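One-letter residues, chain by chain:
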Amino acid sequence: MRTSRLLPVGVATAAVVLLTAIPALAHVTVNPDEAPQGGFTKLTFRVPNEQDNTNTVKIDIKFPTDHPIASVSVKPKQGWTYQATTAPLATPITTDDGTLTQAVSEIVWSGGQIKPGEFDEFEVSVGPLPKDVDSLKFPVVQSYDNGQDVSWIQDSVEGQPEPDRPAPVLKLTAANQPSSTASSSGSTSSSTSPAVTAAVVKKESSNGLAIAALVVGGIALIVGIAAMVSGRRRSA
């Protein structure tokens, strides 16, 4: 009897774990989420479709102009076209190639689609990353073919619950500080850079958490049903 009383608690606990693990995978994110100041890196923006009956047809990513990135290159994506917009800088920045008075402020991908239950990734190469700030925010507007726009622009505050639509944020570490990621200009002695490795590990860790939650929830549900059936047989 004690076991039968504990089973519903186990089922409820597994359900809570499952429900809290899945939404965390549905946000628009930037990978890697950390890079060294002054370095170059590839940023991958991962965009999920959270709707049940409409397709994502446009992705609009804003780039910071208060801490501009001198060089931004877009990787072509089959089925999609992109439009990069530049904006004049209040304070020009000096690079090895000279002084820049404009920098990329926005990139819009359109022409393709992300179906319900699917996600897609959009890649850019950036650098050198600013040295005068410890993070960069990339607000994203996701447009659906039913006319709905979803804005991923909210600030995440440490110590507070995560907002419903957080903007992707790239944390910047000191150039001489060890980082979980590395710039694309790092060592080429290995075919897989530390930045790519860190991103893969994080991705596998997140996916592993969700899969583990699904397995735990399924097992708990099966055990609960078996206990109920057994209880009815005993009553009979």
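Structure: above.
Below is a short write-up of the structure. Remember, it's a predicted structure, so these values are computed and weren't measured experimentally.

What counts and how
- Residues numbered from 1 in each chain as written.
- Predicted model: local features only at pLDDT ≥ 70, side-chain atom pairs only at ≥ 80, totals over all residues.
- Heavy atoms only, no water.
- Helix = DSSP H or I, 4+ residues; strand = E, 2+ residues; numbered from the N terminus.
- Buried < 20%, exposed > 50% of the residue type's maximum accessible area, 1.4 Å probe, protein only.
- Contact = heavy atoms within 4.5 Å.
- Areas by Shrake-Rupley, 256 points an atom, 1.4 Å probe, with all protein chains shown as cover.
- Salt bridge = Lys/Arg side-chain N within 4 Å of Asp/Glu carboxyl O.

Looking only at helices and strands, the protein has two helices and twelve strands in total. Counted from the first residue to the last, the protein has its helices and strands arranged as α-β-β-β-β-β-β-β-β-β-β-β-β-α. Counting only residues that meet the buried cut, the protein has 33% of its 236 residues in that class. Sequence separation of at least 24 residues holds for 72% of the intrachain contacts in the protein that already meet a minimum separation of 6. Total accessible area on the protein is roughly 14,100 Å²; 55% of this is exposed by carbon and sulfur atoms.

Opposite charge on two side chains permits pairing when their charged atoms draw close. Summed over the entire model, instances satisfying the criterion amount to eight salt bridges. A salt bridge links K62 to E106; the nearest nitrogen and oxygen atoms lie 2.8 Å apart. With K62 in strand β4 (residues 56–62) and E106 in strand β7 (residues 98–114), the pair connects residues that are 44 residues apart, well separated along the chain. The exposure class assigned to K62 is partly exposed, which follows from its relative accessible area of 31%. Taking the relative accessible area as the measure of exposure, E106 reaches 18% and is therefore buried. Note that D155 is salt-bridged to K137, the shortest N-O span being 2.5 Å. A residue pair is termed long-range when its members are at least 10 positions apart, and D155 in the loop between β11 (149–152) and β12 (169–173) and K137 in strand β9 (residues 135–137) qualify at 18 residues. Each of K42, K75 and E123 takes part in salt bridges that share partners, so that together they form one network.

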